[in-house]
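# Commentary on secondary and tertiary structure
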Amino acid sequence: MSRKTIRPYNRPAGGWDALRNVARHLIEQDVPVHGARTLLSANQPDGFDCPGCAWPDRDHTSTFEFCENGAKAVAAEATKHRATPEFFARHTVAELARYSDHWLEDQGRLTHPMRYDAASDRYLPVSWDEAFALVAAHLNALASPDEAIFYTSGRTSNEAAFLYQLFVREFGTNNFPDCSNMCHEPSGTGMTPQIGVGKGTVSLHDFELADAIFIFGQNPGTNHPRMLGELRRAAKRGAAIVAFNPLRERGLERFADPQDKLEMLHGGSTRIASDYFQPRIGGDLAAVKGIIKHVLEADEAARREGGARVVDVDFITRHTTGFAAFAADVADEAWDTIEAESGLSREQLLRAAGIYMAAGSVICCWGMGITQHKHSVATIQMIVNLLLLRGNLGKPGAGACPVRGHSNVQGDRTMGIYEKPAPAFLDRLQQVFGFDPPREHGFDTIGAIEAMLDGRGKVFFAMGGNFAMATPDTDATHRALRNCDLTVHVATKPNRSHLVHGREALILPCLGRTEIDMQEAGPQAVTVEDSMSMVHLSAGINAPASDELLSEPAIVARLAEATLAERSRVPWRQLMADYDRIRDLIASVFDDFHDFNQRVRVPGGFRLPNSAGERRWKTSSGRAAFIAHRVPTDLPVHRARATSDRLVFNLSTVRSHDQYNTTIYGLDDRYRGVFGERRVLFANAEDIAALGLQAGDRVDLESLCDDGVPRHARGFLLAAYDIPRGCLAAYYPETNALVPLSSFADQARTPTSKSIPVVVSPHDPATAKPGEAPRDIAIAVHD
Ligand SMILES: Nc1nc2c(c(=O)[nH]1)N[C@H]1C(S)=C(S)[C@@H](COP(=O)(O)OP(=O)(O)OC[C@H]3O[C@@H](n4cnc5c(=O)[nH]c(N)nc54)[C@H](O)[C@@H]3O)O[C@H]1N2
Ligand SMILES: Nc1nc2c(c(=O)[nH]1)N[C@H]1C(S)=C(S)[C@@H](COP(=O)(O)OP(=O)(O)OC[C@H]3O[C@@H](n4cnc5c(=O)[nH]c(N)nc54)[C@H](O)[C@@H]3O)O[C@H]1N2
Ligand SMILES: [Mo]
């Protein structure tokens, strides 16, 4: 649908619309005839791992599980479109920068290594050898290895990630910012001291057994469509599914499974959430603490009356510390504070607590709606406190489920892509390879931007991703990248990061997941780890998009050779020739990967051990910890409200249905009823009226931060939406310019992209930058 409209979407998620959309994307991307075969190979034992998301598959051996957005991710990679040297010759970089991200993506797969030529302001083809020599020359000329920064996006395979961290550490730095810093960092930071692991404790089997599934701050209908299949099965067998989300999300309400012939034929659908709570943005800590307060009050009453206890006394006594102090803190928190900050009433929270208490086993899932706030770590620890109360960890059908984003973001961390590596891991690298890895912590994403801004970071190398658009504070980030001597991007498609470059710049095109990776020893498979710690093989089936492409492991190996030459203790060529050799090295560094090559060849792969899932607690006390947190009342939004005389809103930045992070597939967001437009601001109808505006008006946003820097994003179309008062939502990355670099999660330093204090003004066309507020078509708005 090309006409711009905003109207409610009343159909279930999934269904025929999902199938139609896939067909449309395959046609738009000119996916070749074997495209269907490509789709059928996604997540098959002998196929490739879907590059879409990190949700696991049923045993990874089942028949094709249909997923609309997985299909789009596959189609985007299997496209026939090509961004060739001729394409780059036709446009200066200044010209390319005027096009939208959607257009850049649409140019298709990169085919040749390209080097920026300042004289003509163009990217020109360069040989691989020259490209590696250029990077090596820059790296070796640095005063310290710590002046180089190595970013990773979470599609990188285990093999490539392992080689990458090995090269960078042998070169001499721990500067590993990654997409995880902007994503689930608070989950690891919160859970590790509390239960001794930073990963989810559940498997898919637990979803078959859970009596209740709580979902906080996640939009699975768009971002993890295969999760809907699990939720639907759970709903059908009577499990309670409780959603906490300020926005009404279609995919959390109703789902028609395209795999279910009867449902499709009869136009039926399955109810997903049994209960839907709409807290204020950032109100989850208060909401969960309120649930806990009800549970503890019920327990206290039971104790007084001699009834059966509500909390799991045996579990708490044997497995945890800190319960008494925690309970005292909860008792001390006033209901008024809980209600005001969560935006939910005591009665609503009692209903949620009732579901929790009635369930023998509970899973708590969470996503970006929880992790991208100042108080994210505390909120996650509160969710885990809730689980601990009734022993909902390490028993069937129960546990913690942070739902990861990128398909191998969890594996990349396992392989050592981390700016704060554990000493024991570095010791192991030293034993196995015989070099002294650097011990000092490196830059995370925010640290990297700061370092590039002030000249401490001089070379920026990105293994995938789109750093210029994914990061906060777009203006500052762009200045940071432009301040570098050299920027290098290993990528599959052109994106804005290639246009916001250093004095010298390279684009290095790589193979995608779907493509055959031919090396000396024959076609190679790589491995990935999903959100539930299953490790399995992924082998491409398509011919590469161009003969010039190298695999990511080959790029790392050849760069390492060029940079370290005789200095290196690692046989890079041999490793690149046969990835089994890389896996043997991984096995010798990580005990959990013993017999890696044998075990990963069993269909379905293997699951990495999870100590918390076995009730072994690798914490300082040897037990799981209850950790008390006050309901925060001094967040940036509170401070902005206290100091501004205008209506201050809390803005959350979310994904549409037609995007993969910064990759924009299309301009629709079907489940929210948005067609043909991305500059949309979702607001409560009463707030729109309070502003003296109307749905359909264009508005400008300014974020409020006490650093005095003005930050604007302009030309958003106001849309009335079912969202609490005082809360707004708009799409990422159009709104990233509003997120201050200095605003991040306590301890985890994740940018606070889900809670930005903003004020709203009528759009002023005089201030709009190119691309902001297109004034083309009249807009039909139905609310
Ligand atoms: N198709 C597709 N799939 C993807 C991605 C993609 O862009 N496209 N991205 C991948 C990646 S990297 C990730 S991390 C995941 C992201 O997947 P999600 O975690 O689902 O990501 P978001 O769309 O950012 O937002 C999540 C939800 O949080 C809600 N929310 C916002 N603020 C709050 C709050 O304060 N409290 C609560 N309770 N909820 C809130 C929003 O309304 C939204 O429904 O998906 C992965 N999968
Ligand atoms: N405001 C706001 N900002 C956010 C978020 C938010 O919710 N709101 N979410 C954050 C989150 S959760 C994340 S994970 C980050 C994402 O940050 P990134 O991971 O940096 O961004 P992506 O958009 O996923 O990267 C897309 C690019 O990856 C490249 N690519 C695709 N496949 C491959 C491959 O196989 N190999 C290589 N080398 N390159 C490939 C393509 O060139 C594509 O342009 O953004 C964060 N930023
Ligand atoms: Mo993510």
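Residues numbered from 1 in each chain as written. Chains lettered and ligands numbered in written order. Predicted model: local features only at pLDDT ≥ 70, side-chain atom pairs only at ≥ 80, totals over all residues. Heavy atoms only, no water.

## Quick look at the overall build of the chain
For the chain, the helix and strand inventory stands at 32 helices and 34 strands. For the chain, whose C-alpha radius of gyration is 25 Å, the value lies close to the compact-globule estimate of 28 Å for 783 residues. Its C-alpha atoms put the chain at 80 × 60 × 55 Å along the principal axes. Once local pairs closer than 6 in sequence are excluded, the contacts in the chain between residues at least 24 apart make up 78%. Treating the 84 positive side-chain charges of the chain as one cloud and the 98 negative ones as another, the clouds have centres 3 Å apart. (Helix = DSSP H or I, 4+ residues; strand = E, 2+ residues; numbered from the N terminus. Rg over C-alpha atoms; globule rule 2.2 N^0.38 Å. Contact = heavy atoms within 4.5 Å. Lys, Arg positive; Asp, Glu negative; His and termini not counted. Charge placed at Lys NZ, Arg CZ, Asp CG, Glu CD.)

## So, the site of ligand 2
Around ligand 2 lies a shell of 30 residues, among which Y151, S153, A470, E552 and T662 are the nearest. With respect to ligand 2, the backbone of N466 contributes an N or O atom lying 2.9 Å from an oxygen atom. Look at ligand 2: alone it shows 920 Å² of surface, and the protein chains cover 96% of it. Residues that form the shell around ligand 2 fall into these classes: 11 nonpolar, 14 polar and 5 charged. (Near = heavy atom within 4 Å. Polar contact = N/O pair within 3.5 Å; in protein donor to acceptor, adjacent residues only side chain to side chain. Areas by Shrake-Rupley, 256 points an atom, 1.4 Å probe, with all protein chains shown as cover. Nonpolar A, V, L, I, M, F, W, Y, C, P; charged D, E, K, R; others polar.)

## Details of the site of ligand 1
E249, G282, D284, R655 and N661 are the nearest of the 30 residues found near ligand 1. One of the backbone N or O atoms of N223 is found 2.9 Å from a nitrogen atom in ligand 1. In this structure, F244 approaches ligand 1 through a main-chain N or O atom, which is 3.0 Å from a nitrogen atom. Taken by itself ligand 1 offers 930 Å² of open surface, and the protein chains cover 99% of this. Within the residue set of the shell around ligand 1, elements represented by two or more residues are α11 (220-223), α20 (368-371), β25 (649-654) and β26 (659-660). Per-domain counts for the shell around ligand 1 show at least three residues from each of domain 2 (185-406) and domain 3 (636-781). (Domains from an automatic or database assignment.)

## Some points on the pattern of salt bridges
The final tally for this structure, using the stated rule, is 50 salt bridges. Of the charged contacts in the structure, one is a salt bridge between R413 and E185, with a shortest N-O distance of 2.7 Å. With a gap of 228 residues between them, R413 in helix α22 (residues 409-414) and E185 in helix α9 (residues 185-195) connect regions that are remote in the sequence. Look at R413 and you get partly exposed, because its relative accessible area is 21%. The salt bridge involving D707 is made with R711; its shortest N-O contact spans 2.8 Å. In this structure D707 comes out as partly exposed when scored by relative accessible area, which is 34%. Ionic contacts of the salt-bridge type, sharing partners, join the residues K289, D329, D332, E333 and R630 into one network. (Salt bridge = Lys/Arg side-chain N within 4 Å of Asp/Glu carboxyl O. Buried < 20%, exposed > 50% of the residue type's maximum accessible area, 1.4 Å probe, protein only.)

## Some remarks on the UniProt feature "domain: Molybdopterin dinucleotide-binding" (unreviewed entry) in the chain
Sequence positions flagged by UniProt for "domain: Molybdopterin dinucleotide-binding" (unreviewed entry) are, in local numbering, residues 649-756. For residues 649-756, helix accounts for 6% and strand for 35%, while the C-alpha atoms at its two ends are 8 Å apart. (UniProt positions renumbered as here; feature names shortened; annotations may be inferred.)

## Concerning the nonpolar core
Counting 63 residues, the largest nonpolar core has F150, F162, F167 and F461 as the members making the most contacts within it. The element contributing the most residues to this core is helix α8 (residues 158-171), with 8 residues. L285, V295, I316 and F326 belong to the second-largest nonpolar core, a separate cluster that totals 55 residues. (Core = buried A, V, L, I, M, F, W, Y, C linked by side-chain atoms within 4.5 Å.)

## Quick word on the environment of V168
Turning to its location among the elements, V168 is positioned in helix α8. For V168, a relative accessible area of 0% corresponds to the buried category. Each C-alpha atom, one on V168 and one on R581, is 19 Å from the other, the two residues being 413 residues apart in sequence. If sequence neighbours within four positions are ignored, V168 has contacts with F150, T173 and F176.

## Re the domain arrangement of the chain
Domain boundaries in the chain define domain 1 (83-182 + 408-516 + 548-594), domain 2 (185-406) and domain 3 (636-781). Between the C-alpha centres of domain 1 and domain 3 the distance comes to 32 Å. Across the contact, 20 residues belong to domain 1 and 20 residues belong to domain 3. Buried area between domain 1 and domain 3, summed over both chains or domains, comes out near 1700 Å², and the portion from carbon and sulfur atoms is 53%. Considering only the side of domain 1, the residues that lose the most area to domain 3 are H102, I446 and D473, jointly responsible for 33% of the buried surface there. There are 2 salt bridges connecting domain 1 and domain 3. One salt bridge connects D444 with R749, and the closest N-O pair in it is separated by 2.6 Å. (Buried area = accessible area lost by both parts, 1.4 Å probe.)

## Thoughts on the sheet that holds strand β16 (residues 459-463)
Strand order across the open sheet formed by 6 strands is β6-β5-β18-β17-β16-β7, with mixed pairing between neighbours. The strands lining the two open edges of the sheet, one partner per strand, are β6 (122-125) and β7 (148-152). This sheet shows a mean twist of 20 degrees between the axes of neighbouring strands, independent of strand direction. Bridge analysis of β16 against strand β17 (residues 486-491) gives 5 bridges, and the strand direction is parallel. Within β17, the position partnered with F461 by the bridge is V488. (Pairing = 2+ DSSP bridges. Axes fitted to C-alpha atoms, helices over the stretch in contact; angles between N-to-C directions.)

## Structural notes on the sheet that holds strand β8 (residues 212-216)
Pairing is parallel across the open sheet formed by 5 strands, whose spatial order is β12-β9-β8-β14-β15. At either end of the open sheet lies a strand with only one pairing partner, and these are β12 (275-277) and β15 (399-402). Across the sheet, the mean angle from the axis of one strand to that of its neighbour is 15 degrees, orientation sign disregarded. Strand direction decides the pairing type here: strand β14 (residues 362-366) and β15, joined by 4 bridges, are parallel. Residue C365 lies in a different strand from β15, and its bridge partner there is C401. Along the sheet face, helix α19 (residues 346-358) touches β8, β9 (240-244), β12 and β14 and points at about 135 degrees away from the line of β12.

## Observations concerning the packing of α8 against helix α23 (residues 423-433)
Interaxial distance between α8 and α23 falls to 12 Å at its minimum, and their mutual angle equals 85 degrees. It follows that α8 is roughly perpendicular to α23 by the angle criterion. Residue-level inspection shows F162, Q165, L166 and R169 of α8 in contact with α23, the latter providing F425, L426, L429 and F433. Its residues assigned to classes, the contact of α8 with α23 comprises 6 nonpolar, 1 polar and 1 charged. (Parallel < 35°, antiparallel > 145°, perpendicular 65-115°, else oblique.)

## Observations concerning the UniProt feature "domain: Molybdopterin oxidoreductase" (unreviewed entry) in the chain
Taking the numbering used here, the UniProt-annotated feature "domain: Molybdopterin oxidoreductase" (unreviewed entry) corresponds to residues 109-489. Along residues 109-489, the helical share is 49% and the strand share 14%, with 14 Å between the first and last C-alpha atoms.

## Observations concerning the packing of aromatic side chains
Tallied over the entire structure, the rule returns 36 aromatic pairs. Between F425 and F590, the aromatic rings sit 5.5 Å apart at their centres with planes inclined by 10 degrees, giving stacked as the arrangement. With F425 in helix α23 and F590 in the loop between α29 (579-589) and α30 (596-600), this pair connects stretches of sequence that are 165 residues apart. On the basis of relative accessibility, which here comes to 13%, the residue F425 falls in the buried class. Centre to centre, the rings of F593 and F606 are 6.1 Å apart; their planes meet at 80 degrees, and the pair counts as edge-to-face. Placement of F593 in the loop between α29 and α30 and of F606 in strand β23 (residues 606-607) is noted, with a sequence separation of 13 residues between them. For the pair F593 and F606, one class covers both residues: buried. Among the aromatic residues, those joined into a cluster by ring pairs are F162, F425, F433, F435, F590, F593, F596 and F606. (Phe/Tyr/Trp six-rings, centres within 6.5 Å; stacked < 30°, edge-to-face > 60°.)

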